[in-house]
Amino acid sequence: MPAERLHLVRHGEVFNPRRVLYERMPGFRLSEDGRRMARAAADYVRSLDRPLAELVCSPLERTRESAEPFTALFELEPRADERVIEPWNAFAGKRMSRAVFIPQNWWHLRRPSRPSWGEPYREVVDRMHAALDDAWDAADGGDVVIVTHQAPIWITHLSIAGLPLRHDPRTRRCALSSVTSFERKGDVWREIDYVEPASTAGAVDVGAV
């Protein structure tokens, strides 16, 4: 029996005082507030009073740490899946507020529709859909939680909604520790809910990273 519902959960706030785009760089862990946010997301999923069959996460530190409250509440160890990782980005390690004004970087901004600064949107869609399908089919009933990143969640939303993949990263509806829920009927995915269980008031790192 496949899963009944799948939740894409964004990680909590990262300790990032330099405000760099951390992409897939190691060493970027949750802030103290980020741990609170991650717990709020797990508490929300538990409040749905639905069995959780599988817990999946990106292999990066911030998603592994954001999966820990789910392990504590549901007694499930997370399975790391490289396919739900953050997209690669040519601006990794840089402060975007400064990098966009440096002429040498303008080449990376030439084709926003692809985008030219990082992993093509279509490749993100393909790997995310494959990960969602595999997790859905592998579950023995119940729900699936995948702890991942803002860009993969938003691009998945756009794809499933049949919307253009090109977008302004600053306009993504995907707050820290938000939960975007889906169901699949046959081979067709549909989004059924979006919730922001955690307050992000006072958060320092909330941007499109």
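Here the structure is a predicted model, which is why all the values come from computation and not from measurement.

Moving on, we come to the sheet that holds strand β5 (residues 179-185). A sheet is described by the order of its strands in space; here six strands give the open sequence β3-β2-β4-β1-β5-β6, paired in mixed fashion. Where the open sheet ends on each side, the last strands, each with one partner, are β3 (79-80) and β6 (188-195). In terms of strand pairing, strand β2 (residues 52-57) meets β3 through two bridges, oriented parallel. Bridge pairing in β3 links Cys57 to Ala80. The strands that helix α2 (residues 61-74) touches are β1 (5-10), β2, β3 and β4 (143-148); relative to β2, the one it contacts most, it runs at about 165°. Those strands touched by helix α5 (residues 150-161) are β1, β4, β5 and β6, and its axis lies near 140° from that of β1.

Within the element layout of this structure, Asp205 appears in the segment after β6. What makes Asp205 buried here is its relative accessible area of 2%. Sequence spacing of Asp205 and Gly34 is 171 residues, and the spatial spacing of their C-alpha atoms is 9.5 Å. In contact with Asp205, other than residues within four places in its own chain, are Glu13, Val14, Asn16, Arg19, Tyr22 and Leu176. Side-chain polar atoms of Asp205 contact the side chain of Tyr22, separated by 3.1 Å.

With that settled, consider the pairing of β6. When β5 meets β6, the two strands line up antiparallel, connected through seven bridges. Within β6, the position partnered with Phe182 by the bridge is Glu191. Counting the residues between successive antiparallel strands, the hairpin from β5 to β6 contains two residues, one of them, Gly186, with a positive phi of roughly 65°.

For the pair helix α1 (residues 32-47) and α2, interaxial distance at closest approach is 8 Å and the crossing angle is 40°. As summarised for this structure, α1 and α2 are arranged oblique, according to the angle between their axes. By crossing handedness, the relation of α1 to α2 is classed as right-handed. When α1 is examined against α2, the residues Arg35, Ala38, Arg39, Ala41, Ala42, Asp43, Val45 and Arg46 are found in contact with a partner set consisting of Glu65, Ser66, Glu68, Pro69, Phe70, Leu73 and Phe74. In terms of residue class, the contact of α1 with α2 is made up of eight nonpolar, one polar and six charged.

This structure, assessed with the given rule, holds 22 salt bridges. Residue Glu119 is joined to Arg24 by a salt bridge in which the shortest nitrogen-to-oxygen separation is 3.5 Å. Residue Glu119 is found in the loop between α3 (96-99) and α4 (121-138), and its partner Arg24 is found in the loop between β1 and α1; the two are separated by 95 residues along the sequence. Note on Arg24: relative accessible area 31%, which makes it partly exposed. A salt bridge links Arg83 to Asp81; its shortest N-O distance comes to 3.0 Å. A residue is classified by how much of its surface remains accessible, and Arg83, at 27% relative accessible area, is partly exposed.

The nonpolar side chains of a soluble globular protein tend to be buried with one another. In terms of nonpolar packing, the biggest core is built from 29 residues, with Leu6, Leu8, Leu132, Val144, Ile146, Ile155 and Trp189 touching the most fellow members. Among the elements of the structure, β1, α4, β4 and α5 are those that each provide at least two residues to this core. Considering each element in turn, this core owes the most residues, eight residues, to α4. With residues near it in sequence (within four places) discarded, Val144 still touches Ala3, Arg5, Leu6, His7, Leu52, Glu54, Ala135 and Ala139. Residues Ala41, Ala42, Phe70 and Val195 belong to the second largest nonpolar core, which totals 15 residues.

What follows is about α2. Compared with the 20 Å implied by 1.5 Å per residue over 14 residues, the 20 Å span of α2 between its first and last C-alpha is a close match. Contact partners of the buried residues in α2: β1, α1, β2 and β4. Where α2 ends, the next residue or the one after it, Glu75, has phi of about 55°, a positive value.

Rules used in this analysis
Residues numbered from 1 in each chain as written. Predicted model: local features only at pLDDT ≥ 70, side-chain atom pairs only at ≥ 80, totals over all residues. Heavy atoms only, no water. Pairing = 2+ DSSP bridges. Helix = DSSP H or I, 4+ residues; strand = E, 2+ residues; numbered from the N terminus. Contact = heavy atoms within 4.5 Å. Axes fitted to C-alpha atoms, helices over the stretch in contact; angles between N-to-C directions. Buried < 20%, exposed > 50% of the residue type's maximum accessible area, 1.4 Å probe, protein only. Polar contact = N/O pair within 3.5 Å; in protein donor to acceptor, adjacent residues only side chain to side chain. Parallel < 35°, antiparallel > 145°, perpendicular 65-115°, else oblique. Left-handed = near helix turned anticlockwise from the far one by under 90°. Nonpolar A, V, L, I, M, F, W, Y, C, P; charged D, E, K, R; others polar. Salt bridge = Lys/Arg side-chain N within 4 Å of Asp/Glu carboxyl O. Core = buried A, V, L, I, M, F, W, Y, C linked by side-chain atoms within 4.5 Å. Expected span 1.5 Å × (residues − 1).

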